[in-house]
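Remarks on the overall topology
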Amino acid sequence: MQPYFFLSYAHTPRFGAGGPDPDMWVERLFRDLCGHVMALTDLPAGAEAGFMDREIRSGEGWSERLGAALATCRVFVPLFSPRYFASEMCGKEWFAFAHRAIQHGAASNERAEAIVPALWVPVPPSQLPGPAERLQFNHNTFGERYVTDGLYGLIKLRGYAEQYERAVYELARRIVRVAETVRLDPVRPMDYRVVPSAFGPSGSVGGAGGGPARTLHVTVAAGSRHDLPDGRSPEYYGESALDWNPYHPVSQRPIAYVAEDVIKNLNYQTTMSSFDDEAGHFDSKQPPTRPEILIVDRWVVEDEHRRQRLAAFDQESRPWINVVVPWNRYDHQSRAKEAELARRLEETLPVKMGQGRAACRAAANGVANMETLGQILPQVVEAAAQQFLRHAQVYLPAGNTHTERPRLLGPMGMSEPPAPPAAPFPPDAYDAYDAHIDGNDSNDTDRGDADDSES
């Protein structure tokens, strides 16, 4: 049965064995919300008004029931707190639900916002990650004391019972209003093993907990409706490369803007441009300023000028730029020329088509549909981000030309032998990250289309 709303919260650890469960206050809030939702709707007796994860703790895998609830619930209710945005599991839950809204927006070309946040503990705006900061939500309508103390303060402090009841009732009303206004279609549950956190990697710059935002650039190499090769239908194109919509008619939005939504849901700020407008931008002699994704239409190899520019781009070493090639096999013109266009693109971009992790190679060799794009693009983005960290220029603190590592004194007051200077980016740290992400995919050399489950 599909839950009406999903309550997402960060589990609070107990203060010692046998101590009281601090999450009992969240359970009380959940019961109160369920009661109000049942009273405000015509849900039948026995219906699942809400879903709350009572069992899974941080660091453990999702259960099938958790994944199914995120794939079918109508409203997502995150309980904001500093602990919430530091939780990888909460970030995964947010990403999985928000991606449903992205898919809905792509299919309908309408924004669908079905996230209703609640303040468990107030969080300063400066500490909110991008996906939370971008929510258009006015907490003041739930009461002044709610804004200053959050639901945890109202439920714990004596004398605030009336303010608590008002806040919970208003929250339930907002949940019902959003559920009745926004209708997200159920989707296939996501595989938790590859679901990223919407708050960014824990401890990263611009990751969970706020801080300087991470940035990423998206470039699209495609034609416009005015310069297509003979026989190519203009229905997939617009006035510029950024208007290219390879998954038409299933998708109503250009691929650049769908990709932008997915990347923003990974706690990035994005910029976009056309490959035609990027003359001189790709200069391997300059250190990178951000990771980048190049989205390529295979049909561009029919334009000799663009093909030569892509070939020149491939000869320069830019591992922080990953290539994604959307490919719609329900586009009859593309399917008829698939083998020829794929061969020519591989001859044009031999380095990019074969570099990186299995996810990067699969993305470069053809992403068959919108669902697969949502699964593979986060992996490609994070691979580009790691390469960016490896190759970005390192800046020493102002005024320092050399920093000597501190030495520990031995028990007799004598210093130990000095340790060698630390590398700016320890190689083993990246090896560990790659091993964690890739698992055993180093032996995966398939070069076919990524997950063509719909063909």
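Note that the structure is predicted; figures quoted are calculated from it, not measured.

**Observations concerning the packing of helix H8 (residues 255-264) against helix H14 (residues 370-391)**
Here H8 crosses H14 at 55°, and the two axes come no closer than 10 Å. Classified by the angle between their axes, H8 and H14 sit oblique to one another. Between H8 and H14 lies a crossing whose hand is right-handed. Where H8 approaches H14, its residues Ile255, Val258, Ala259, Val262 and Ile263 are matched on the opposing element by Met370, Leu373, Leu377, Pro378 and Val381.

**Digging into the sheet that holds strand S2 (residues 50-52)**
Within the open sheet, the 4 strands sit side by side as S2-S1-S3-S4. Their pairing is parallel. The open sheet is flanked by S2 and strand S4 (118-119), the only strands paired with a single partner. Note: strand S1 (residues 5-8) against strand S3 (residues 75-80), 4 bridges, orientation parallel. Along S3, the bridge assignment pairs serine 8 with proline 78. Seen against the sheet, helix H7 (residues 161-181) touches S1, S3 and S4 and runs at an angle of roughly 145° to S3.

**Some remarks on the side chain of arginine 306**
One can find arginine 306 in helix H9 (residues 304-315). With a relative accessible area of 9%, arginine 306 lands in the buried category. Here aspartate 276 takes part through its side chain, which lies 2.9 Å from a polar atom of the side chain of arginine 306.

**So, empty space enclosed by the protein**
Under the criterion given, the structure shown has 2 cavities of 30 Å³ or more. In this structure, the largest cavity spans a volume of roughly 60 Å³. Around the largest cavity, the lining residues are Arg232, Trp244, Pro246, Asp297, Trp299, Pro326, Trp327, Asn328, Asp331 and Ser334. Looking at the lining of the largest cavity residue by residue, the classes come out as 5 nonpolar, 2 polar and 3 charged. Approximately 30 Å³ is the volume attributed to the second largest cavity.

**Examining the pairing of strand S6 (residues 268-274)**
Pairing between strand S5 (residues 214-221) and S6: 7 bridges, direction parallel. Each bridged residue has a counterpart across the sheet, and for valine 218 the counterpart in S6 is methionine 272. Since S5 and S6 lie parallel, the crossover through H8 that links them has a hand, and here it is right-handed.

**Comments concerning the pattern of salt bridges**
With the rule as written, the count across this model stands at 22 salt bridges. Arginine 343 is paired through a salt bridge with glutamate 347; the nearest N and O atoms lie 3.2 Å apart. Taken as a pair, arginine 343 and glutamate 347 lie in helix H11 (residues 338-348) at a separation of 4 residues, close to a single helical turn. Judged by relative accessible area, which is 45%, arginine 343 ranks as partly exposed. The class for glutamate 347 is exposed, based on a relative accessible area of 54%. Taken together, the shared-partner salt bridges in this structure form one network comprising Asp227, Asp276, Asp303 and Arg306.

Cut-off values and rules
- Residues numbered from 1 in each chain as written.
- Predicted model: local features only at pLDDT ≥ 70, side-chain atom pairs only at ≥ 80, totals over all residues.
- Heavy atoms only, no water.
- Axes fitted to C-alpha atoms, helices over the stretch in contact; angles between N-to-C directions.
- Helix = DSSP H or I, 4+ residues; strand = E, 2+ residues; numbered from the N terminus.
- Parallel < 35°, antiparallel > 145°, perpendicular 65-115°, else oblique.
- Left-handed = near helix turned anticlockwise from the far one by under 90°.
- Contact = heavy atoms within 4.5 Å.
- Pairing = 2+ DSSP bridges.
- Buried < 20%, exposed > 50% of the residue type's maximum accessible area, 1.4 Å probe, protein only.
- Polar contact = N/O pair within 3.5 Å; in protein donor to acceptor, adjacent residues only side chain to side chain.
- 1 Å grid on protein atoms, 1.4 Å probe; cavity = no way out; pocket = protein on both sides within 12 Å on 5 of 7 lines; lining within 4 Å.
- Points joined across faces, edges and corners; volume = space filled by probe spheres on them.
- Nonpolar A, V, L, I, M, F, W, Y, C, P; charged D, E, K, R; others polar.
- Right-handed = clockwise from strand over helix to strand, strands pointing away.
- Salt bridge = Lys/Arg side-chain N within 4 Å of Asp/Glu carboxyl O.

Interpretation note: all reported values are geometric properties and have no functional meaning in isolation.
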